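Read off the chains here:
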Amino acid sequence: MPRRKIRTVAVAAAALAALVLVVALTPNPVSARGPRVAVCVAPTVKSGIEFNATVPKKAADILVRRTASYLGVCASYGQSTRMGDGTIRAFSQSRNGVPHTIGLVMGVNALDGLPSHPPTAGLWCYDVNGDGVTDQHTECTGGYEYPLRLSDEFRARVDTPFQYVLMNWNPAGHLPEHIYDRPHFDVHFYMNSNEERLAIRPGPCGMLVNCDDWEVGRQPVPGKYMPADYSDFGAVEPGMGNHLIDLTGPELNGQPFTHTFIYGSYAGRLTFYEPMVTQDWYQKLASGAVSDGCFPIKQPQAWQTAGWYPTRYCLRHRENRSEIVTTLEGFVQRAAG
């Protein structure tokens, strides 16, 4: 039998086995007790098969333990790329135009084999001292970046401003010293276009940004659109934009940096949401040393653009799939005003 046909038969058998398991674990509707939940049934990760089911919570929990299934509706996958020894991929979960999740899924092995020398990929550099040589340690910024577009289907059907995910790996961290100078990941969820982001040029001002672009980046976000407790420190970077920091964050008040939430802006508008997570925290998630968790995102009083916006970010380890997911969740529909 041809190899392709053998694989097709194997995939079909895996799908049938998963379906049989769903039926076996689902009580008769007349006698079912407790809440029913959505689960995306997946026999294995490699099969690529995923289909939606709604089953009692107990059955969903067993599916997650015994197969590569996960809670919620099946994901709509965007772009993927290699990072370290693994793969990262943009994804979203939505139903009937309502977003449940926008996220980045990362194979646990992507935490291994990451580049570290030099500390950046050399994409955003400027010869500040004019000596004709670009110092990778002092005249480059941005770490290693991996832009990933959300699926066309999601962006066409869901009224949310988010367009793509930009993963940045910073092997030496970044400023300010003694706070964010630990190896970590910046998981940016962008609302402005990738073309506008890429047009923010390197230069000698701010955090190695073009001086004209630094001025644009520093344009203040009007007060009612500024999230509570966030402040502008002039951290405008090329290929990113400005970074707004929560002054009440634990890492700014004597606690070690593990993960935090950053807002981004450019030209007086919020442009990205950013969970920032240390490599150590992701590794502890993968080992079970720390638990999955969701954390509130502080909100502004009003929104510049209408659409669905998240109220929390979540960090989870899917042990059954050897994955870590970083997500925006708890979406609420906002009007512009």
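Rules and cut-offs
Residues numbered from 1 in each chain as written. Predicted model: local features only at pLDDT ≥ 70, side-chain atom pairs only at ≥ 80, totals over all residues. Heavy atoms only, no water. Helix = DSSP H or I, 4+ residues; strand = E, 2+ residues; numbered from the N terminus. Rg over C-alpha atoms; globule rule 2.2 N^0.38 Å. Buried < 20%, exposed > 50% of the residue type's maximum accessible area, 1.4 Å probe, protein only. Contact = heavy atoms within 4.5 Å. Areas by Shrake-Rupley, 256 points an atom, 1.4 Å probe, with all protein chains shown as cover. Phe/Tyr/Trp six-rings, centres within 6.5 Å; stacked < 30°, edge-to-face > 60°. Lys NZ or Arg CZ within 6 Å of the ring centre and 35° of its normal. pLDDT = per-residue confidence, 0-100. Lys, Arg positive; Asp, Glu negative; His and termini not counted. Salt bridge = Lys/Arg side-chain N within 4 Å of Asp/Glu carboxyl O. Polar contact = N/O pair within 3.5 Å; in protein donor to acceptor, adjacent residues only side chain to side chain. Pairing = 2+ DSSP bridges. Axes fitted to C-alpha atoms, helices over the stretch in contact; angles between N-to-C directions. Disulfide = S-S within 2.5 Å.

## Topic: the overall build of the protein chain
If you tally the helices and strands in the protein chain, you get 6 helices and 21 strands. A globule of 337 residues ought to have a C-alpha radius of gyration of about 20 Å, and the protein chain, at 22 Å, matches this closely. Along the longest, intermediate and shortest principal axes, the C-alpha atoms of the protein chain span 70 × 50 × 40 Å. In the protein chain, which comprises 337 residues, the proportion classed as buried is 49%. Long-range contacts, defined here as pairs at least 24 residues apart, represent 56% of the contacts in the protein chain between residues at least 6 apart. As displayed, the protein chain has an accessible area near 15,700 Å², and 53% of this comes from carbon and sulfur atoms.

## Notes on the packing of aromatic side chains
Scanning the entire structure with this criterion turns up 14 aromatic pairs. A centroid spacing of 5.1 Å and a plane angle of 85° characterise the contact between Phe-162 and Tyr-273, whose relative ring orientation is edge-to-face. In this pair, Phe-162 is assigned in the loop between helix H3 (152–157) and strand E10 (164–170) and Tyr-273 in strand E16 (residues 269–278), connecting sequence segments 111 residues apart. With a relative accessible area of 1%, Tyr-273 lands in the buried category. The interplanar angle of 50° and the centroid separation of 5.0 Å between the aromatic rings of Tyr-190 and Phe-272 together place this pair among those described as tilted. Here the residue Tyr-190 occupies a position in strand E11 (residues 184–190), and Phe-272 occupies one in strand E16, the gap between them amounting to 82 residues. Here the aromatic cluster, defined as three or more aromatic residues joined through ring pairs, consists of Phe-162, Tyr-230, Phe-261, Tyr-263, Tyr-273, Phe-295, Trp-303, Tyr-309 and Tyr-313. The cationic tip of Arg-318 hangs over the ring face of Tyr-70; the distance from NZ or CZ to the ring centre is 4.4 Å. In this structure, Arg-318 is placed above the aromatic ring of Phe-91, and the distance from its NZ or CZ to the ring centre is 5.7 Å.

## Thoughts on the confidence of the model for the protein chain
Across the protein chain, the average pLDDT comes to 91, with 90% of residues at or above 70. The low-confidence segment residues 5–13 (pLDDT under 50) makes 5 contacts with residues lying over four places distant or belonging to another chain.

## Digging into the side chain of Glu-251
Within the secondary structure, Glu-251 sits in the loop between strand E14 (242–246) and strand E15 (259–266). Buried charge Glu-251 goes without a salt bridge, the closest partner of opposite sign being Arg-182 at 9.7 Å. Side-chain polar atoms of Glu-251 contact the side chain of Tyr-180, separated by 2.6 Å.

## Focus on the sheet that holds strand E9 (residues 144–149)
If you trace the 7 strands from one edge of the open sheet to the other, you get E9-E10-E11-E16-E15-E14-E13, paired in antiparallel fashion. The open sheet has two edge strands, E9 and strand E13 (230–232), and neither has a second partner. Here the average twist between neighbouring strands, direction ignored, is 25°. Its contacts with the sheet place helix H6 (residues 279–287) against E10, E11, E15 and E16, and it is angled at close to 60° to E16.

## Focus: the state of the cysteines
Using the criterion set out here, one finds 4 disulfides in the structure. Here Cys-125 connects covalently by a disulfide to Cys-140, the sulfurs 1.9 Å from one another. Here the S-S torsion is close to 110°, and the disulfide linking Cys-125 with Cys-140 is therefore right-handed. In this pair, Cys-125 is assigned in strand E7 (residues 124–125) and Cys-140 in strand E8 (residues 140–141), connecting sequence segments 15 residues apart. Neither residue differs from the other here; Cys-125 and Cys-140 are each classed as buried. Here Cys-205 pairs with Cys-211 through a disulfide, and the sulfurs are 1.9 Å apart. Measuring handedness by torsion sign, the sulfur bridge of Cys-205 and Cys-211 sits at about 80° and is right-handed.

## Considerations on the sheet that holds strand E19 (residues 312–318)
With antiparallel pairing, 6 strands are arranged side by side in an open sheet as E4-E5-E6-E20-E19-E17. One side of each edge strand has no neighbouring strand; the edge strands of this open sheet are strand E4 (76–83) and strand E17 (293–296). Ignoring which end each strand starts from, the neighbouring axes of this sheet average 15° apart. By the bridge criterion, 6 bridges tie E4 to strand E5 (residues 86–95) in an arrangement that is antiparallel.

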